[in-house]
Amino acid sequence: DAKTTQPNSMESNEEEPVHLPCNHSTISGTDYIHWYRQLPSQGPEYVIHGLTSNVNNRMASLAIAEDRKSSTLILHRATLRDAAVYYCILRRKTSYDKVIFGPGTSLSVIP
Amino acid sequence: DTEVTQTPKHLVMGMTNKKSLKCEQHMGHRAMYWYKQKAKKPPELMFVYSYEKLSINESVPSRFSPECPNSSLLNLHLHALQPEDSALYLCASSQVLRQPSSGANVLTFGAGSRLTVL
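Remember, predicted model here, so these are calculated numbers, not experimental data. (Residues numbered from 1 in each chain as written. Chains lettered and ligands numbered in written order. Predicted model: local features only at pLDDT ≥ 70, side-chain atom pairs only at ≥ 80, totals over all residues. Heavy atoms only, no water.)

Observations regarding the environment of T5 of chain B
Residue and element names in this part refer to chain B. Among the structural elements, T5 can be located in strand β1 (residues 4–7). Measuring from C-alpha to C-alpha, the distance between T5 and S62 comes to 25 Å, with 57 residues separating the pair along the chain. Residues contacting T5, with those up to four places away along its chain left out, are K22, C23 and E24. (Helix = DSSP H or I, 4+ residues; strand = E, 2+ residues; numbered from the N terminus. Contact = heavy atoms within 4.5 Å.)

This is the structure:
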């Protein structure tokens, strides 16, 4: 499985944008980039995914570098509810039923 | 219904007990997953079922025995566990997307069952 690297932890002030980076230098052409987050005492929840183009949904935006070796999850206005561990994951089309989590980034939001 | 329901939420068992964890979804998903999560660690994949057949076993000890009796239900039978098996057990489900879209597959997780082995 392709490896991703993320910072162990990040801090953000409430109501400010947050940019969570992910490096995936061994990404292959057909790998999708997925983000999940896990709030305290809950199961992970899907945030967003993309293949080549930038993506937006109601929760976040995903910016994918032109060479696809890195991506950034953007939370436009951090709230206290966004404090969670954020996982960046690559999904290979050849192993469609495996989702392997890396260590993730623990995001703290300061009021 | 867009939920994955796991029961029980908490389970305490002795090393000689036999117990089961249950997971249910009614989203029509045909892939179901068990993960194990220790404190402050990411979830670790244990098993994957696709169309009610076991497709992945990540070298899990035989004291964990999965079962998928139908497309909505996934069980994890526990027997002769060790204290180090204490963890949060997470169930997830997803559609089964065929290539070339299979990498777009999104998982829906339950809230987990917290297991303590004494």
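Regarding the side chain of S113 of chain B
All names here are of chain B. Topologically, S113 is positioned in strand β11 (residues 113–117). At 2.6 Å, the side chain of S113 forms a polar contact with the backbone oxygen of P8. Ignoring any residue separated from it by four or fewer positions in sequence, one finds S113 in contact with Q6, T7, P8, K9, L21, A87, L88 and Y89. (Polar contact = N/O pair within 3.5 Å; in protein donor to acceptor, adjacent residues only side chain to side chain.)

Notes on the pairing of β11 of chain B
Residues and elements named next belong to chain B. Residues of β11 alternate between two faces, with S113, L115 and V117 buried on one and R114 and T116 left unburied on the opposite face. Inspection of the sheet shows strand β9 (residues 87–94) paired to β11 by 3 bridges, in the antiparallel sense. Within β11, the residue paired with Y89 across the bridge is S113. (Buried < 20%, exposed > 50% of the residue type's maximum accessible area, 1.4 Å probe, protein only. Pairing = 2+ DSSP bridges.)

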